[in-house]
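# Descriptive analysis of the structure
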Amino acid sequence: MLSVIEDQMRRMGRSAPLPPATFGPVPLGRIVSCDGGMIEVSGLAAPIGTLCRARVRPGEHAPAAEVVGFRGGRSLMMLLGDTVRLQPGTLVRAEGRPGMVMVGEDYLGRAVDGTGTPIDGGPPVNGSAAWPLGGLREGALERTSVSQPFDCGIRAINALATLGEGQRVGIVAGSGVGKSVLLDMMVRGADCDVAVIGLIGERGREVSDFVARHMGGDRRMKTALVAVPADHAANLRLRGAQLACSLAEYFRAQGKRVLLVLDSLTRVAHAAREIALSLGEPGAARGYPPSALAAITKLIERAGNSATSGGAITGIYTVLADGDDANDPVVDTARAILDGHIVLSREIAQRGVYPAIDVPASLSRVMEAVADPVHRRQVRELRGLVAAMDSNRDFLLMGAYRAGVDHQLDRAIAMQDAIRMFMEQEAGETVPLHASIAALGGLMGHAQSQPQG
């Protein structure tokens, strides 16, 4: 009988082997306590990471929960949904493989939630391979160096903070400064084989808008979207981020160049903090338990180049600076582990410059390996001009500066309109890498032709 079923699955295009048939009693537990989203279950010794489901009245959707710990012989689970249908003594059963998730090509062109359930109204997504939800721990030498440039389609980033394939870069800004718009532009203009997008903890409207913009046309079948809005359970948000990373790792193992976008890393840290506090872990850095900050470090480290397959995951992560505080624990932790960061400035945005990139504060740590010496020299010159304008802005506004005192500042004043035009880019515009570098060369050649005082 089993061979007949396997033959039918092969004809349907399913390459994954069927799990071995099991016969006998199914282990069940009972809910003995419920505190918010945390429940205690007795009689079910399930490993951490196991998905479980409560048995409710016939015809109702069974709530799912994830095992996150155990205490006093009882399993601690966090619900992936609401608690409204639970009651004392409700039966709970385990399902699936602990710590594993099904991934595969079927995710391309689809939008799913943190459990892989479609949210786009389409048929179920059938993964073809099991993959660890927490990723495969590999040796440090498995990550090869970044040597090839990555075209993100943004002129200012391509030219002034050139990215590389396999790099991990953060977009750091406060709320309402343009992170999501910049991310949207990079997804549209990026040169990659597959794009895996994780929208974690964002507004539901942003998810539907993103699907409308990107899950259609030619790019649809090379884009996979994992979305868990802000009103969902904390462990489902964290699980969504891990699923996005697992999908990216699967495609990298096929030798593909993958763009992994996670928006936002801060909301993932908030979810990990909520789980840790529920388990009794004390808050350390401004209320963040150590495990919450470690969770984002693990996610970031899953990106990079693979020496085995030759594939690459270029990771782009948005980081929300609460209150525009650049020393926020999440910002500080992410900045320490990332290979570069693009800082968006509220002051620049208020001047009407979009994207509002703070050039002196932004950098790419791999640019030395992917840009030629002439390009790097031009970048240093432009950074110097922008820094000179920013540091002397108050004197210029008061009229306290006299021309001829500082030659670099004189050049910056003469070029400020040209620099502003270079930095600005319309939301629907894409500028390739070669065109961005050529535009920088033209700008700096024009700047060098200006009188020096």
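Owing to the predicted nature of the structure, the values given are computational and were not obtained by experimental measurement. (Residues numbered from 1 in each chain as written. Predicted model: local features only at pLDDT ≥ 70, side-chain atom pairs only at ≥ 80, totals over all residues. Heavy atoms only, no water.)

### Brief notes about the side chain of glutamine 425
Within the element layout of this structure, glutamine 425 appears in the loop between α13 (407–423) and α14 (433–448). For glutamine 425, a relative accessible area of 7% translates into the label buried. Looking at glutamine 425, its side chain comes within polar contact range of the main-chain oxygen of glycine 153, at 3.0 Å. Separated by 2.8 Å, the side chain of glutamine 425 and the backbone nitrogen of arginine 155 make a polar contact. (Helix = DSSP H or I, 4+ residues; strand = E, 2+ residues; numbered from the N terminus. Buried < 20%, exposed > 50% of the residue type's maximum accessible area, 1.4 Å probe, protein only. Polar contact = N/O pair within 3.5 Å; in protein donor to acceptor, adjacent residues only side chain to side chain.)

### Looking at helix α3 (residues 179–189)
Among the 11 residues of α3, eight are classified as buried, and the element is accordingly described as predominantly covered. Within the sequence span of α3, burial applies to Lys179, Leu182, Leu183, Asp184, Met185, Met186, Val187 and Gly189.

### Let's talk about the sheet that holds strand β5 (residues 74–79)
What the six strands build is a closed barrel, ordered β1-β2-β5-β4-β3-β6; its pairing is antiparallel. Each adjacent strand pair in this sheet contributes to an overall mean axis angle of 45°, direction not counted. Here strand β4 (residues 64–71) runs beside β5; their pairing, made up of six bridges, is antiparallel. Note that in β5 the partner of alanine 65 across the bridge is leucine 79. (Pairing = 2+ DSSP bridges. Axes fitted to C-alpha atoms, helices over the stretch in contact; angles between N-to-C directions.)

### Points about the packing of aromatic side chains
Per the counting criterion, the structure on display carries two aromatic pairs. Note on tryptophan 131 and tyrosine 250: the rings are 6.3 Å apart at their centroids and 85° apart in plane angle, and the pair reads as edge-to-face. Of the two residues, tryptophan 131 sits in strand β9 (residues 129–132) while tyrosine 250 sits in helix α5 (residues 234–253), which places them 119 residues apart along the sequence. Look at tryptophan 131 and you get buried, because its relative accessible area is 13%. For the pair tyrosine 250 and phenylalanine 251, a centre-to-centre distance of 5.3 Å together with 70° between the ring planes defines the contact as edge-to-face. We note that tyrosine 250, like phenylalanine 251, is buried. Among the aromatic side chains, those forming a connected cluster through ring pairs are Trp131, Tyr250 and Phe251. A cation over an aromatic ring shows up here: arginine 155 above the ring of phenylalanine 422, its NZ or CZ 6.0 Å from the ring centre. Taking the ring centre of tyrosine 288 as reference, the NZ or CZ of arginine 273 above it sits at 4.5 Å. (Phe/Tyr/Trp six-rings, centres within 6.5 Å; stacked < 30°, edge-to-face > 60°. Lys NZ or Arg CZ within 6 Å of the ring centre and 35° of its normal.)

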